[in-house]
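Remarks on the overall topology
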Amino acid sequence: DAKTTQPTSMDCAEGRAANLPCNHSTISGNEYVYWYRQIHSQGPQYIIHGLKNNETNEMASLIITEDRKSSTLILPHATLRDTAVYYCIVRVDSGGSNYKLTFGKGTLLTVNP
Amino acid sequence: GAVVSQHPSWVICKSGTSVKIECRSLDFQATTMFWYRQFPKQSLMLMATSNEGSKATYEQGVEKDKFLINHASLTLSTLTVTSAHPEDSSFYICSARTSGLYNEQFFGPGTRLTVL
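Summarised in this report is the structure supplied together with it. (Residues numbered from 1 in each chain as written. Chains lettered and ligands numbered in written order. Predicted model: local features only at pLDDT ≥ 70, side-chain atom pairs only at ≥ 80, totals over all residues. Heavy atoms only, no water.)

1. So, the interface of chain A and chain B
Convention followed: Throughout, a residue-residue contact means that at least one pair of heavy atoms, one from each residue, lies within 4.5 Å. Put simply, buried area is the surface a 1.4 Å probe can reach on two separate parts but cannot reach once they are joined, added for both. Any carboxyl oxygen of Asp or Glu that lies within 4 Å of a side-chain nitrogen of Lys or Arg is treated as forming a salt bridge with it. N or O atoms within 3.5 Å of each other form a polar contact, as long as, within protein, one can give a hydrogen and the other can take it, and as long as residues adjacent in sequence are counted only when both atoms are side-chain atoms.
In this complex, chain A contributes 20 residues to the contact, which on the side of chain B involves 18 residues. Taking both partners together, chain A and chain B bury about 1400 Å²; carbon and sulfur atoms supply 45% of that area. It is Y99(A), K100(A) and F103(A) in chain A that bury the most area against chain B; as a group they hold 31% of the surface buried on that side. Counting across the chain A and chain B interface gives 0 salt bridges. At the boundary of chain A and chain B, one finds 5 residue pairs in polar contact (both at pLDDT 80 or more).

Below is the structure:
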C-alpha cells in the first residue's frame, strides 16, 4: 500500500472548518483514500473514502487533487467532540477481500472552545 | 453502520495467566476479522488476520503461539493472550469486514489489558 504523510498535530476553533491534509504521492490508480478517526481510548471510526472524485457525507468532505497525490479531509463545523487522531490510509481495492488497513501516526486534531 | 463489540472492555490479570478477548459482529456476518494492538501514544499495529474457519495469518514479529486466534463463526473471533507478561499490557482492538459489494471494515471499542 502507498505510504501517507500527515502533520503530527493541528488545532481548530470550535465552529470553524477543520482541514486535515494528507500526502500520498506514491498512490496507484486502483488505490482508495480512506479516513478514520480515533477518539481517545476508543476504536477507530470510519469517516469517508474516495478514489478520484470529491466525496461528501454527513460527517465530512474529502477533496482529492487531480493527480491524486494528496487529499484533504474537511470537517465543516468542528465541535469539541471532533477532537481525535485522524488517520489517512491508502487502500488497494481489487474488489476482493484481501486488503489490510495499515495505520500511520495520524494527525491529532484538537478543537478548542 | 455495522457494529462490532468486544468483551471485556478492560481486564487486569496476573503475570503468567491467560486472557481471552471476544470480538463479535452484531448485525452482520464477518468473513474476515482482524486484531490490532496499540501501545500508549502509538498507532494501531496489525497483529493478525483471520478468516472464518481458517487459521489466522500473523504479521511478522507476532508470536502465533502466544496470541491464539480462533474465528469459529461468522460473528465471533477470540484472541487469547497466553502466559501474559507486563509487556503484553496494551489496548487490543478487533475489526471485522463485511462481505459483499462494499466490503467495509468496522472496528470494535477495544479492550484494555493490564498485566501485573
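2. Notes on the sheet that holds strand β5 (residues 55–56) of chain A
Residues and elements named next belong to chain A. This is how it is decided: Strands pair, by our definition, only if DSSP identifies at least two bridges between them. Comment: elements are numbered from the N terminus, with helices defined as DSSP H or I runs of at least four residues and strands as E runs of at least two.
Strand order in the open sheet formed by 4 strands is β2-β7-β6-β5, and the pairing between neighbours is antiparallel. Edge strands, defined here as strands with exactly one partner in the open sheet, are β2 (18–23) and β5. Here β2 pairs with strand β7 (residues 70–75) via 6 bridges, running antiparallel. Directly across from L20, in β7, lies its bridge partner L73.

3. A short note on the packing of aromatic side chains
Inclusion rule: Here is the rule: rings of Phe, Tyr and Trp (six-membered ring for Trp) pair when centre to centre is within 6.5 Å. Planes less than 30 degrees apart are stacked, more than 60 are edge-to-face, and the remainder are tilted. Here the term buried applies to any residue with accessible area under 20% of the maximum for its type, exposed to any over 50%, and partly exposed to those in between, with areas from a 1.4 Å probe on protein chains only.
As enumerated under the stated definition, the model contains 12 aromatic pairs over all chains in all. Judged by centre distance (5.7 Å) and plane angle (90°), the ring pair of F103(A) and Y36(B) falls under edge-to-face. One end of the pair, F103(A), is in the loop between β8 (84–92) and β9 (107–112); the other, Y36(B), is in strand β4 (residues 30–38), on a second chain. Summarising the burial analysis for this pair, F103(A) and Y36(B) share the class buried.

4. Here we look at the pattern of salt bridges
Under the definition given, this model contains 3 salt bridges over all chains. With its nearest N and O atoms 2.8 Å apart, the salt bridge here joins D82(A) to R37(A). Here D82(A) is found in the loop between β7 and β8, whereas its partner R37(A) is found in strand β3 (residues 31–38), with 45 residues between them in sequence. Judged by relative accessible area, D82(A) falls into the buried class, the value being 13%. A salt bridge links E22(B) to R24(B); the nearest nitrogen and oxygen atoms lie 3.4 Å apart. Judged by its relative accessible area of 34%, R24(B) falls in the partly exposed class.

5. Regarding the nonpolar core
Nonpolar side chains in soluble globular proteins tend to end up buried together. Threshold: In plain words, nonpolar cores are sets of buried Ala, Val, Leu, Ile, Met, Phe, Trp, Tyr and Cys residues tied together by side-chain atoms within 4.5 Å.
Ranked by size, the top nonpolar core spans 25 residues in total, and within it V4(B), W35(B), F67(B), L79(B), Y92(B) and L113(B) carry the most contacts. For this core, the elements supplying multiple residues, two or more each, are β2 (10–13), β3 (19–25), β4, β5 (45–51), β7 (67–73), β8 (76–81), β9 (90–98) and β11 (111–115) of chain B.

6. Some details on the environment of Q60(B)
Residue and element names in this part refer to chain B. Turning to its location among the elements, Q60 is positioned in the loop between β6 (57–58) and β7. On the basis of relative accessibility, which here comes to 83%, the residue Q60 falls in the exposed class. Taking the C-alpha atoms as reference points, Q60 and A48, 12 residues apart in sequence, are found 9.2 Å from one another.

7. Examining a nonpolar patch on the surface
As a reminder, the rule being used: Nonpolar side chains (Val, Leu, Ile, Met, Phe, Trp, Tyr) within 5 Å and like charges within 9 Å form the patches, drawn only from residues with over 30% relative accessible area and no salt bridge. In short, Shrake-Rupley with a 1.4 Å probe defines the accessible areas, and a residue's cover is counted only from the protein chains shown.
Among the surface-exposed residues, W10(B), I12(B) and L116(B) lie close enough to one another that they form a single nonpolar patch of about 390 Å² accessible area. Looking at the secondary structure, you find I12(B) in strand β2.

8. Observations concerning the state of the cysteines
Cut-off, in case you're wondering: Put simply, a disulfide is two cysteine sulfurs that come within 2.5 Å.
Applying the stated criterion across every chain, the model contains 2 disulfides over all chains. Between the sulfur of C22(A) and that of C88(A) lies a disulfide, 2.1 Å long from S to S. With the S-S dihedral at roughly -80°, the linkage between C22(A) and C88(A) falls on the left-handed side. Note that C22(A) is positioned in strand β2 and C88(A) in strand β8, a separation of 66 residues in sequence. Classification of C22(A) by relative accessible area gives buried; the value is 1%. Owing to a relative accessible area of 1%, C88(A) belongs among the buried residues under this scheme. A sulfur-sulfur separation of 2.0 Å characterises the disulfide bridge that pairs C23(B) with C94(B). Here the S-S torsion is close to 75°, and the disulfide linking C23(B) with C94(B) is therefore right-handed.

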